Amino acid sequence: METEALERPADLTIWRTVPASSPLAQPARYDTLREAIAAAAGALTDPAKQPWIITEEGEILSPNWIRTYLN
């Protein structure tokens, strides 16, 4: 991934994998991909949440991609 892509907007959706009283998905728009990845990192600590990111270019980043990037 290009370094420049980290400074472009991105959408983060956190899907719930177990039934919950809150909505199944929590979509949010971030000013930069870096911010979206940071927010996704917090969701990865909860096994009931699956963060997915869509970049400005339309690339879909899975929870596994996010984990690998953070490590």
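Refer to the structure presented above.
Residues numbered from 1 in each chain as written. Predicted model: local features only at pLDDT ≥ 70, side-chain atom pairs only at ≥ 80, totals over all residues. Heavy atoms only, no water.

**Student:** Explain the environment of Thr17 here, please?
**Tutor:** One can find Thr17 in the loop between strand S1 (10-16) and strand S2 (25-30). Counting along the chain gives 33 residues from Thr17 to Gln50, while the straight-line C-alpha distance between them is 7.0 Å. Apart from the residues within four sequence positions on either side, Thr17 is in contact with Pro47, Ala48, Lys49 and Gln50. (Helix = DSSP H or I, 4+ residues; strand = E, 2+ residues; numbered from the N terminus. Contact = heavy atoms within 4.5 Å.)

**Student:** Got a minute to help me understand the pairing of strand S3 (residues 49-55) in this structure?
**Tutor:** Residues in a regular strand point their side chains to alternate faces of the sheet. Here S1 pairs with S3 via seven bridges, running antiparallel. Bridging across to S3, Trp15 finds its partner in Gln50. As judged from the two bridges shared by S3 and strand S4 (residues 60-61), these two strands associate in the antiparallel manner. Bridge pairing in S4 places Ile53 opposite Leu61. (Pairing = 2+ DSSP bridges.)

**Student:** Would you mind showing me how to read the side chain of Thr13 here?
**Tutor:** You can see Thr13 is positioned in strand S1. Residue Thr13 is classed as buried on the basis of its relative accessible area, which comes to 17%. Non-local contacts of Thr13, meaning those with residues more than four positions away in its chain, are made with Ala25, Gln26, Pro27, Gln50, Pro51 and Trp52. (Buried < 20%, exposed > 50% of the residue type's maximum accessible area, 1.4 Å probe, protein only.)

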